[in-house]
Amino acid sequence: MGSVNDNDCRPVGSYPPSGIDVLIVGTGLAGLTASIECVRKGHNVRILERHDDINTAGDMYFMGHSATKFFRHWPELMKEYDLISMNNAWIETFKHSGERQITPLKVADRLRQEGMDPNTPPGAFQMRPLIYRMYLNEVQRQGIKIQFGQRVVDYYEDEAREKAGVVTESGERIEADVVIAADGVGSKCQKLVGGQVRAMSAGRAMWRAAFPIHHLDKNPKLKEFLKMGGENGDEPMVRTWLGPGTYAMVLIRRETCVWIMNHDITESAEESWTHTVSSDDVLNTIDRGLDPDNTWDPKIKELIKLIPPDTIINFELFWRNPQPSWTSPGARVVLIGDAAHSFLPASGNGATQAIEDAVSLATCLQIGGKQNVPEAVRTHVRFRFIRCSCAQKMGFSNAELLQHTDWTKVKVNPKLAQPKLPRWIWKHDPEQYAYDNYEKMADTIRKGIPFDEVDTVPPNYPPGYKYESWNIDDMYRDVENKTVNMGSGDWD
């Protein structure tokens, strides 16, 4: 079957052609990762994208170490990643009202304080536009075909012919041996896989803005406060503000300022990367629900005033409850990324798990081969479902930390003011895990063992955890009551 280790580099050409035709719908992180990894594993790839171009807009997200291990197989991509990464970042924490709670500290030093190796951090914040450009460069180097303007309106499979396909808005039918639905939380594939067809609002939204740093020149006092870190003032700085039911973050790097803020949904929120709102719209609602004597830090409000027009996105968050059904009945259509499992921003795991999905699926298809596509897909889902469900649940635990911070405890233990990044998340290697456990997990499927009763495969989720179904309504209620219960197992 093959195996890898941390020092292996198995570039394109290392694996023989599999003969598997793969059709990928969507060019998010999951879709783009699946495209290059499927090529590397010897599969034939084509991509459909509903828009006329790939959207490289946006601000930042967290990319975990488990999601970037596969970069070692892509020398050019790895070189670009090292150039754009923010491994030398600093971090500082405030109350929402502006009182500093944790003084500036380099991320590497925080890791040392927690007994971790700063040379292998759990992950790092990355700029979305730079990461997407990095991926697109690799897609182009590999000559992977992307068909733009192809809006998929339906998915289907034909088990007798061992094919699956999609129907586009123009009525065209496009087929392959396996179809990967990487088209986000609103995927039209939900009907076929038997999942929750309509996504529901999470009741929360994110104000997000990324803009050139020169706009801070209009307010010298604020610019001085938001300066970068390091002895020479040239290292990225991440500042967080934690408040009741909300949190905000400001990233400053050499050329860009990013501001994001989690808040209750407002009338102007939409699930769109192109829907913008004005600074006045934000300022008129930012203190909603707060005590008049305990409103947002004036420095945050001054920053909002400087954000250029048509820049602030009010992005509504949507959600589907965890569902173990990620595949069509014949397992030739499979959901990955947000289409399979949406994440709260507080989880710091959405991008990471999307990339892990893609690496795992490409590997399982290579192991199983063309004659065993359905088994390979089902085995992949068994590798992924409980892990992703636990990672989703972590988002609610982190939301409780960030939105209902106990500052008395934080003064004693600053870790209580930052999202949890447990070892079972960031130390995982989805590619090696598939090589090590494919046959054992596939055998549980052949024997008809339910996914939540498997005990022959080492867990890639909290050791000792026993899966229990849960839903977003109950978890949100627990966050508000500060009673989030993660369940059994070692979550640290």
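Below you will find a few notes about this structure. (Residues numbered from 1 in each chain as written. Predicted model: local features only at pLDDT ≥ 70, side-chain atom pairs only at ≥ 80, totals over all residues. Heavy atoms only, no water.)

1. Looking at the sheet that holds strand 8 (residues 152–158)
The strand order across the open sheet formed by 3 strands is 8-9-10, and the pairing between neighbours is antiparallel. Both outer strands of the open sheet, strand 8 and strand 10 (173–176), are each paired with one neighbouring strand and no more. On average, each strand axis in the sheet is tilted by 20° relative to the strand beside it, whichever way the strands run. For strand 8 and strand 9 (residues 163–168), the ladder comprises 6 bridges, and the chain directions are antiparallel. Directly across from Y156, in strand 9, lies its bridge partner G165. (Pairing = 2+ DSSP bridges. Helix = DSSP H or I, 4+ residues; strand = E, 2+ residues; numbered from the N terminus. Axes fitted to C-alpha atoms, helices over the stretch in contact; angles between N-to-C directions.)

2. So, helix 3 (residues 75–84)
Residues L77, Y81 and I84 constitute the buried set of helix 3. On an axial view of helix 3, the arc spanned by its buried residues comes to 70°, and they lie on one face. (Buried < 20%, exposed > 50% of the residue type's maximum accessible area, 1.4 Å probe, protein only. Arc of directions from axis to C-beta.)

3. Focus: the packing of aromatic side chains
Here the distance between the centres and the angle between the planes together describe a pair of aromatic rings. Counted according to the given criterion, the structure contains 14 aromatic pairs. Taking 6.2 Å as the distance between ring centres and 80° as the angle between the ring planes, the aromatic pair formed by Y461 and Y465 counts as edge-to-face. Each residue in the set W326, F385, F451 and Y467 is aromatic and connected to the rest through ring pairs, giving one cluster. The ring of F225 is capped by R239, whose NZ or CZ atom sits 5.5 Å from the centre of that ring. (Phe/Tyr/Trp six-rings, centres within 6.5 Å; stacked < 30°, edge-to-face > 60°. Lys NZ or Arg CZ within 6 Å of the ring centre and 35° of its normal.)

4. Re empty space enclosed by the protein
Tallying each qualifying case throughout the model produces 5 cavities of 30 Å³ or more. Computed from the structure, the largest cavity encloses a volume of approximately 110 Å³. Lining the largest cavity, in full, are R382, F383, I386, Y433, M441, F451, V454, V457, P458, P459, N460 and Y461. Mapped by element, the contributors of at least two residues to the lining of the largest cavity are helix 11 (373–403) and helix 14 (430–446). Among the elements that take part in the lining of the largest cavity, helix 11 stands out by supplying 3 residues, more than any other. Split by residue class, the lining of the largest cavity holds 10 nonpolar, 1 polar and 1 charged. (1 Å grid on protein atoms, 1.4 Å probe; cavity = no way out; pocket = protein on both sides within 12 Å on 5 of 7 lines; lining within 4 Å. Points joined across faces, edges and corners; volume = space filled by probe spheres on them. Nonpolar A, V, L, I, M, F, W, Y, C, P; charged D, E, K, R; others polar.)

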